[in-house]
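Topology and contacts: notes
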Amino acid sequence: MKDKIFIAATNNKNKLREISEILKKIGYTTFSMKDVGIDCHPEETGNSFLENALIKAKAIRKMTDLPIISDDSGISVDYLGGMPGVHTSRYSGENSTDDSNILKLLNALEGVEKPKRTARFISAVVVLMPDGQIITSMGRCEGYIGFEKRGNNGFGYDPIFYLSRNISFAELEDYVKNSISHRARALRKICFKLKKIDRMELLGYDI
Ligand code: IMP
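Residues numbered from 1 in each chain as written. Predicted model: local features only at pLDDT ≥ 70, side-chain atom pairs only at ≥ 80, totals over all residues. Heavy atoms only, no water.

**A look at the sheet that holds strand β4 (residues 118-128)**
An order of β2-β1-β3-β4-β5-β6 is seen for the six strands of this open sheet, with the pairing classed as mixed. Strand pairing shows two members of the sheet lacking a second neighbour, β2 (29-32) and β6 (161-162), which therefore form its edges. Across the face of the sheet, helix α1 (residues 13-24) comes into contact with β1 (5-8), β2 and β3 (68-77) while running at roughly 160 degrees to β2. (Pairing = 2+ DSSP bridges. Helix = DSSP H or I, 4+ residues; strand = E, 2+ residues; numbered from the N terminus. Contact = heavy atoms within 4.5 Å. Axes fitted to C-alpha atoms, helices over the stretch in contact; angles between N-to-C directions.)

**Digging into the packing of aromatic side chains**
According to the stated counting rule, one finds five aromatic pairs in the structure shown. Geometrically, the ring pair formed by Phe161 and Phe169 is edge-to-face, given 4.9 Å between the ring centres and 70 degrees between the ring planes. When its relative accessible area of 1% is taken as the criterion, Phe169 is described as buried. Among the aromatic residues, those joined into a cluster by ring pairs are Phe121, Phe161 and Phe169. The ring of Tyr91 carries Lys104 above its face, with NZ or CZ at 4.5 Å from the centroid. Note that Arg117 overlies the ring of Phe147, its terminal NZ or CZ placed 4.0 Å from the centroid. (Phe/Tyr/Trp six-rings, centres within 6.5 Å; stacked < 30°, edge-to-face > 60°. Buried < 20%, exposed > 50% of the residue type's maximum accessible area, 1.4 Å probe, protein only. Lys NZ or Arg CZ within 6 Å of the ring centre and 35° of its normal.)

**So, helix α5 (residues 182-202)**
Residue pairs spaced three or four apart in an α-helix point in one direction, given the helix's 3.6 residues per turn. The first and last C-alpha atoms of α5 sit 30 Å apart over 21 residues, in line with the 30 Å expected at 1.5 Å per residue. Within the span of α5, buried status applies to His182, Arg183, Ala184, Ala186, Leu187, Ile190, Cys191, Leu194, Ile197 and Asp198. Taken around the axis of α5, the buried residues stretch over an arc of 160 degrees, which confines them to a single face. Residues of α5 that are exposed and point more than 90 degrees away from the buried face comprise Phe192 and Lys196. Structurally, α5 contributes buried residues whose contacts are with β1, α1, β3, β4, β5 (134-145) and α4 (174-180). Taken from the residues just after α5, Gly204 is the one with a positive phi, measuring 90 degrees. (Expected span 1.5 Å × (residues − 1). Arc of directions from axis to C-beta.)

**Considering the nonpolar core**
Counting residues in hydrophobic clusters, the biggest one holds 20 residues, and the most contacted among them are Phe6, Leu23, Ile69, Val127, Ile190 and Leu194. Put simply, the parts of the chain that give this core at least two residues each are β1, α1, β4 and α5. Top element by residues in this core is α5. It accounts for seven residues. Filtering out sequence-adjacent residues up to four positions away, Phe6 remains in contact with Leu23, Tyr28, Thr29, Thr30, Phe31, Pro67, Ile68, Ile69, Val127, Met129 and Leu194. (Core = buried A, V, L, I, M, F, W, Y, C linked by side-chain atoms within 4.5 Å.)

**Thoughts on the packing of α1 against α5**
Between two packed helices, what matters for the description is the angle formed by their axes and the separation of those axes. Contact pair α1 / α5: the axes reach a minimum separation of 10 Å and the direction vectors enclose 35 degrees. Crossing geometry of α1 relative to α5 is assigned as right-handed. Contacts between α1 and α5 involve Lys15, Glu18, Ile19, Ile22 and Leu23 from the former and Arg183, Ala184, Leu187, Cys191 and Leu194 from the latter. Partitioning the contact of α1 with α5 into residue classes produces seven nonpolar, no polar and three charged. (Left-handed = near helix turned anticlockwise from the far one by under 90°. Nonpolar A, V, L, I, M, F, W, Y, C, P; charged D, E, K, R; others polar.)

**Some remarks on the site of the ligand**
Lys15, Glu44, Asp158, Lys177 and Arg183 are the nearest of the 16 residues found near the ligand. With respect to the ligand, the side chain of Asp158 contributes an N or O atom lying 2.6 Å from a nitrogen atom. Relative to its unbound accessible area of 480 Å², the ligand is 92% covered by the protein chains. Every element with two or more residues in the shell around the ligand is listed here: β3 and α5. Among the elements that take part in the shell around the ligand, β3 stands out by supplying three residues, more than any other. Broken down by class, the residue content of the shell around the ligand amounts to three nonpolar, six polar and seven charged. (Near = heavy atom within 4 Å. Polar contact = N/O pair within 3.5 Å; in protein donor to acceptor, adjacent residues only side chain to side chain. Areas by Shrake-Rupley, 256 points an atom, 1.4 Å probe, with all protein chains shown as cover.)

What follows is the structure, given as C-alpha cells:
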C-alpha cells in the first residue's frame, strides 16, 4: 500500500479528529473531504451500518481515486428493540439536532429502570483502496442510557451514554474515549489489517 493517506468520508469534525488520531499512530495522514474539495452527502439508505459505510465510500469513489475510509455508526438500545440503530442521526426527524435526538431518546425511556436501559454504540468502518480492494471492520462499546445529560466533551449522544462505571462518554477525556469507543475498536482492527497488508507488500507478496 504505497499511499499512506486517506480521505475520510465524513463531514463530522469530531469523527474526523477521532479517525485521524488513530490512523496517525500507524503513519497515515487523514484528509477531510473539504481538504480535497469534495462535497458529497449520499443518502444512507442501507439496512446496516456496514451497508451505509459502503454507500458513503462508494459515493466518494466517484469523485477521487485516493484511498477512502468511511465510518457509519449509531446507538442500539435494547429496550427499544435495537432502535434507533441505522436511524440514529435522524432519530427525531429530518431536522434532527443532537439535543432533539437526546430528548427523544430520554422520553422514549421515561420510567424505564437502569437495568433495562442497556445500549451500545456500534461502528462499521470501511476502507476502499484505489485498486478496488475493500477492508471492513466492526466495533462496539457497551453501556446504558443515563437519566440525564452529563459532561461537555464529545458529540452526538455522548452526554447520555454511560459506561457501567457510571461515567458518561461526554465526561471522558479525548484519549480515553479514543481508546475504548466503538469507532476506536473498529479502527484498531482496520489498523491491524492495514499493517499486515503493508508488511506483505514490503516482503514482496502480492495479496
Ligand atoms: P453517521 O454520521 O451517519 O454515522 O451518524 C451517526 C449518528 O450516531 C449521529 O447521530 C452521531 O451523533 C451518533 N454517534 C456516532 N458515533 C458517536 C459517538 O462516538 N458519540 C456520540 N454519538 C455518536
